[in-house]
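Examination of the molecular architecture
Chain residues, written in single-letter form:
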Amino acid sequence: MEEATHTDAAASFDPLRQKLMRVAYRMLGSVADAEDVVQEAFIRWMGADRAAVREPEAFLRRTVTRLCLDQLKSARRRRETYVGPWLPDPVVEEDEAEDVTLPLMLALERLSPLERAAFLLHDVFGLEFEEVAKTIGRDPAACRQLAARARTHVREARPRYQLDKRHGIELAEAFFAASRGGDMKALGAMLAADVSMHADGGGKRSAAIVPFVGFDAVMEVHERLASLFRQKGSTLVRAGFVNGLPGFVTLEADGELQTTALEIEDGKIAAIYVVRNPDKLRHLH
C-alpha cells in the first residue's frame, strides 16, 4: 500500500519537480537547500489528500515557497558569519537564463524574505497577486506593495540590454585564454574602467575576503594569478552560462572545480564572479 502511495504521488509530482526547483533555487540561491525543500514538499505531497487538490502545481508551489520562507530565516543567520563574499551556487547551462541572472540574485539577497517571494512569484514567474497572496499569507494589496518595494531595490540589477549568446561565449573564452596565458594587454582591453572582482571561497579555499574594485586592482590581481596559472595550470572544462552570465568551469591545480561568470555592459566586462567554495560546486561533478 505504501509503495502504491509513493508511486501515485510521484506520478503527479515528478513532472512538476523542475519547475519547483526553479522556484526554490531562486528563493534560496543554494542548489542543495533547494533540493532539500523540494524533497520535503514531495514528502508532504505523499501525506496530503491529493484527490481534494484541484491544482497540484499551485498547491506544491505554495508548499515550496512557504518552506523556502522558513529556510531563509536560518540562511540569513548563516550568511552573517560567512567568510568573504557570498555568491549563489553556480548553475551552468548552455543558454542564458532569461529570468534571473547572478546580479539579480545578489540584489534579491538584500530583500526581506516576503519581498523576495512576492517579486519572484509575480515579476519572474508571472503569478497574479491573488495567487501570490494565497501563497505567502498576505492580502493582495500588501503583496503589491512588497513587489513594488522589491522592484525599486533590484531595478539596477536587471539586464539593460540583450547580450548575443555567441558573443558572450566568445568573450568568456577570450577571458579564459588571456587570464590563464598572462596576456595582460588582451585582458585589459576587455575590462571596464570600474570593473570589480568577487571571489567566494567560503573559508574552504583561498579567496579574497573583500572584492577587488577598479581596473588597476583587478589587473594587478590577474597579473599575480597568471604566474600561478602558468606554474600550476588551470584547465577549461567547459564554457557556458553561469547563472545567466557568460562564463566557464575550470579544473584548478588543487583538483577542485571553479566557476567564473562575467557581467558584460556595453561590450566590456563590468564584474567578475568566481566561486571556489567546494560545497557550492558538488552538483557540477
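Before reading further, recall that the structure is shown in the block above.
Nothing here was measured: the structure is a model prediction, and the numbers come from that model.

What follows is about the packing of helix α4 (residues 56-80) against helix α7 (residues 129-136). Following both chains from N to C, one finds α4 and α7 inclined at 55°, their axes separated by 8 Å at the closest point. Compared by their axis directions, α4 and α7 come out oblique. Every pair of crossing elements has a handedness; the one defined by α4 and α7 is right-handed. Taken together, the residues of α7 that come into contact with α4 (itself represented by A58, R61, R62, T65, R66 and L69) are E131, K134, T135 and I136.

With that settled, the discussion passes to the sheet that holds strand β7 (residues 268-275). Pairing is mixed across the open sheet formed by 7 strands, whose spatial order is β1-β4-β5-β6-β7-β2-β3. Bordering the open sheet on either side are β1 (92-93) and β3 (212-213), each of which pairs with just one other strand. In terms of strand pairing, strand β4 (residues 234-242) meets strand β5 (residues 245-252) through 8 bridges, oriented antiparallel. Opposite T235, over in β5, you have L251 as the bridge partner. Running over the sheet, helix α9 (residues 165-181) touches β2 (191-200), β4, β5, β6 (257-265) and β7 and is turned about 35° from β5. Across the sheet, helix α11 (residues 215-232) touches β2, β3, β4, β5 and β7, and the angle it forms with β2 is around 55°.

Here we take up empty space enclosed by the protein. The final tally for this structure, using the stated rule, is 1 cavity of 30 Å³ or more. Volume-wise, the largest cavity comes out at about 30 Å³. Of all the secondary-structure elements, those providing two or more residues to the lining of the largest cavity are β6 and β7. Classifying every residue of the lining of the largest cavity gives 7 nonpolar, 2 polar and no charged.

Attention now goes to the pairing of β5. Counting buried positions along β5 yields 7 of 8 residues, so the element is predominantly enclosed. Connecting the antiparallel pair β4 and β5 is a turn made up of 2 residues, with N243 showing a positive phi of about 50°. As judged from the 5 bridges shared by β5 and β6, these two strands associate in the antiparallel manner. In the strand pairing of β6, L251 is matched with L257.

On to the environment of E131. Looking at where E131 falls in the secondary structure, it is placed in helix α7. Residues E131 and R62, spaced 69 residues apart in sequence, show a C-alpha to C-alpha distance of 9.0 Å. Not counting chain neighbours up to four residues away, the residues in contact with E131 comprise A58, R61 and R62. Of the polar contacts made by the side chain of E131, one reaches the side chain of R62; its length is 3.1 Å.

Basis of the calculations
Residues numbered from 1 in each chain as written. Predicted model: local features only at pLDDT ≥ 70, side-chain atom pairs only at ≥ 80, totals over all residues. Heavy atoms only, no water. Axes fitted to C-alpha atoms, helices over the stretch in contact; angles between N-to-C directions. Helix = DSSP H or I, 4+ residues; strand = E, 2+ residues; numbered from the N terminus. Parallel < 35°, antiparallel > 145°, perpendicular 65-115°, else oblique. Left-handed = near helix turned anticlockwise from the far one by under 90°. Contact = heavy atoms within 4.5 Å. Pairing = 2+ DSSP bridges. 1 Å grid on protein atoms, 1.4 Å probe; cavity = no way out; pocket = protein on both sides within 12 Å on 5 of 7 lines; lining within 4 Å. Points joined across faces, edges and corners; volume = space filled by probe spheres on them. Nonpolar A, V, L, I, M, F, W, Y, C, P; charged D, E, K, R; others polar. Buried < 20%, exposed > 50% of the residue type's maximum accessible area, 1.4 Å probe, protein only. Polar contact = N/O pair within 3.5 Å; in protein donor to acceptor, adjacent residues only side chain to side chain.

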